[in-house]
Amino acid sequence: MIWFVVALAVVIGALILWSAYVSRGVERWIPMDGRQVEVPGVRIHYVEMGPADAPAIVMIHGIMSQLRVFSYALAGKLATDRRVIVMDRPGWGYSTLTGPRLDIPGQADAIAAAIRALELEKPLLVGHSMGGAVSLALALRHPQAVRGLGLIAPYTQPVDTPPEPLKSLVVPAPLRPLIAWTIAVPLAMRRGKASTVAVFAPDPVPEDFPIKAGGALAIRPRSFEMGCYELGMAPEVMQAQAPRYGEIALPVSILYGRQDALLDPELHGGKTASDVQNGKVDYLDGGHMLPVTHIDATEAWLRTL
């Protein structure tokens, strides 16, 4: 029994060291791109591009993601004549938590605080996937902070079952740190490509997605823990948030891929557009990762807003 405990401890220790080694390696490949702004509970990492005196656009990403999903190409196209600020949501990428993890309303408060700290005058807020849920929470809690929402494949309604590619994040809270620092990284390295293909389907995954779009940052232990937290927290929050969409008077425009394999376009797009006071939804042929796979069409849609 003693030797078994010793052997188990050695294996766990080796997995922790390996996870830390891989995490540091990923961060060398994908370093921090911008600066941080301090707001209550978090130092938000952001990248700013485009003319400083142009109308502003703030872009926030989805679950298991970070700001490079936008800076991959879309933000640069918009920045030819717009001031574009792409942000890592609290707990993701290089946004560093200075307090506990923030739920969807808490993240909305942090993004609103960052908009004030950066002295942005009523930017258009663009949210992708889980960033859409945060954007809608911000519209409910801080409607004066933005001039409207542009939601790309947003998560907007409560669902009973998580999407298949994210089911590995359904882990009881007490086990998350242990799994994050032992088996999560090796499993992500083994299964990550298949999960990414499923998220992008039916669109192909660009070969440069892991580095240029920052996809490899998702294999870090901190990303696994944050993903587990968001997937566990979101259903209850969305049960309370979705019935309030009728209170939103800001313009809300939604873009969805008809073949989105992660979220139901009619539930999260069509229903939500009809729930808000000034909503509309547009569809195109494509999957969930429109900011990476349908760049020109997404840019053209955003410019209509």
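Quick look at the structure, then. (Residues numbered from 1 in each chain as written. Predicted model: local features only at pLDDT ≥ 70, side-chain atom pairs only at ≥ 80, totals over all residues. Heavy atoms only, no water.)

## Looking at the overall build of the protein chain
(1) Moving on: For the protein chain, the count of helices and strands is 12 helices and nine strands.
(2) Moving on: Projecting the C-alpha coordinates of the protein chain onto the three principal axes gives extents of approximately 65 × 40 × 35 Å.
(3) Moving on: If you sum the accessible surface of the protein chain, you get close to 13,300 Å²; carbon and sulfur atoms cover 60% of it.
(4) Moving on: Of note, the protein chain has its 27 positive side-chain charges centred 5 Å away from the centre of its 28 negative side-chain charges. (Helix = DSSP H or I, 4+ residues; strand = E, 2+ residues; numbered from the N terminus. Areas by Shrake-Rupley, 256 points an atom, 1.4 Å probe, with all protein chains shown as cover. Lys, Arg positive; Asp, Glu negative; His and termini not counted. Charge placed at Lys NZ, Arg CZ, Asp CG, Glu CD.)

## Describing the packing of aromatic side chains
(1) Moving on: Inspection of every chain in the model, using the stated rule, returns two aromatic pairs.
(2) Moving on: Between the aromatic rings of Phe-200 and Phe-209, the centroid separation amounts to 5.0 Å while the plane-to-plane angle is 80°, which identifies the pairing as edge-to-face.
(3) Moving on: For Lys-212, the ring lying beneath its charged end belongs to Tyr-72, and the centroid distance is 4.9 Å.
(4) Moving on: Looking at Arg-220, its charged tip hangs above the ring of Tyr-94, at a distance of 5.5 Å from the centre. (Phe/Tyr/Trp six-rings, centres within 6.5 Å; stacked < 30°, edge-to-face > 60°. Lys NZ or Arg CZ within 6 Å of the ring centre and 35° of its normal.)

## Here's the deal with helix α10 (residues 265-275)
(1) Moving on: Where α10 is concerned, the buried positions are Pro-265, His-268, Gly-269, Gly-270, Thr-272 and Ala-273. Buried residues along α10 cover an arc of 165° about the axis, so they all sit on one side.
(2) Moving on: For α10, the secondary structure elements touched by its buried residues are α5 (130-141), β8 (251-257) and β9 (278-284). (Buried < 20%, exposed > 50% of the residue type's maximum accessible area, 1.4 Å probe, protein only. Arc of directions from axis to C-beta. Contact = heavy atoms within 4.5 Å.)

## Focus: a nonpolar patch on the surface
(1) Moving on: Taken together, the side chains of Met-1, Phe-4, Leu-8, Ile-12, Ile-16, Leu-178 and Trp-181 make up a nonpolar region of the molecular surface, amounting to roughly 700 Å² of accessible area.
(2) Moving on: Among the elements that take part in the nonpolar patch, helix α1 (residues 2-29) stands out by supplying four residues, more than any other.
(3) Moving on: The residue Ile-16 is located in helix α1 in this model. (Patch = residues over 30% accessible without salt bridge, like charges linked within 9 Å, V, L, I, M, F, W, Y side chains within 5 Å. Salt bridge = Lys/Arg side-chain N within 4 Å of Asp/Glu carboxyl O.)

## A few points about the nonpolar core
(1) Moving on: Core analysis: the biggest nonpolar cluster contains 91 residues, and Ile-44, Met-59, Met-87, Ile-104 and Ile-248 have the highest contact counts within it.
(2) Moving on: One finds Val-26, Ile-30, Tyr-94 and Ile-219 within the second-largest nonpolar core, a separate group that totals eight residues. (Core = buried A, V, L, I, M, F, W, Y, C linked by side-chain atoms within 4.5 Å.)

## Observations concerning the pairing of strand β7 (residues 148-152)
(1) Moving on: With five of its five residues buried, β7 lies for the most part within the structure.
(2) Moving on: Bridge analysis of strand β6 (residues 124-128) against β7 gives five bridges, and the strand direction is parallel. The residue bridging Val-126 from the neighbouring strand is Gly-150, located in β7.
(3) Moving on: As for the winding sense of the linkage, the β-α-β connection from β6 through α5 to β7 is right-handed. (Pairing = 2+ DSSP bridges. Right-handed = clockwise from strand over helix to strand, strands pointing away.)

## What to know about the packing of helix α4 (residues 104-117) against helix α9 (residues 221-241)
(1) Moving on: Two elements in contact, α4 and α9, have axes separated by 9 Å at closest approach and are oriented at 95°. Overall, the two elements α4 and α9 adopt an arrangement that is roughly perpendicular. Here α4 contributes Ile-104, Pro-105 and Gln-107 to the contact with α9, which in turn contributes Met-226, Glu-230, Met-233, Ala-234, Val-237, Met-238 and Gln-241. (Axes fitted to C-alpha atoms, helices over the stretch in contact; angles between N-to-C directions. Parallel < 35°, antiparallel > 145°, perpendicular 65-115°, else oblique.)

## Here's the deal with the side chain of Gln-241
(1) Moving on: Its location among the elements puts Gln-241 in helix α9.
(2) Moving on: The class for Gln-241 is buried, based on a relative accessible area of 5%.
(3) Moving on: Side-chain polar atoms of Gln-241 contact the backbone oxygen of Ala-133, separated by 3.1 Å. (Polar contact = N/O pair within 3.5 Å; in protein donor to acceptor, adjacent residues only side chain to side chain.)

## As for the environment of Phe-70
(1) Moving on: Relative to the helices and strands, Phe-70 is located in helix α2 (residues 68-71).
(2) Moving on: Residues Phe-70 and Pro-154, 84 residues apart in the sequence, show an inter-C-alpha distance of 15 Å.
(3) Moving on: Apart from residues lying up to four places away in sequence, Phe-70 is in contact with Met-59, Ile-60, His-61, Ala-75, Val-86, Val-126, His-128 and Pro-291.

## Overview of the packing of α5 against α9
(1) Moving on: Relative to each other, α5 and α9 sit at 40°, their axes nearing to 12 Å. On the basis of their axis angle, the class for α5 and α9 is oblique. Where α5 crosses over α9, the two elements pack in a sense that is left-handed. When α5 is examined against α9, the residues Met-130, Ala-133, Leu-136, Ala-137 and Leu-140 are found in contact with a partner set consisting of Glu-230, Ala-234, Met-238 and Gln-241. (Left-handed = near helix turned anticlockwise from the far one by under 90°.)

## Comments concerning α9
(1) Moving on: With 21 residues, α9 should cover 30 Å at 1.5 Å per step; its first-to-last C-alpha distance of 29 Å lies within 8% of that length.
(2) Moving on: The sharpest bend along α9 measures roughly 40° and falls at Ala-234, with the proline Pro-235 sitting one to four residues further on.
(3) Moving on: Most of α9 is tucked away, with 15 of its 21 residues classed as buried. (Expected span 1.5 Å × (residues − 1). Bend = angle between axes of the 7 residues up to and from the residue.)

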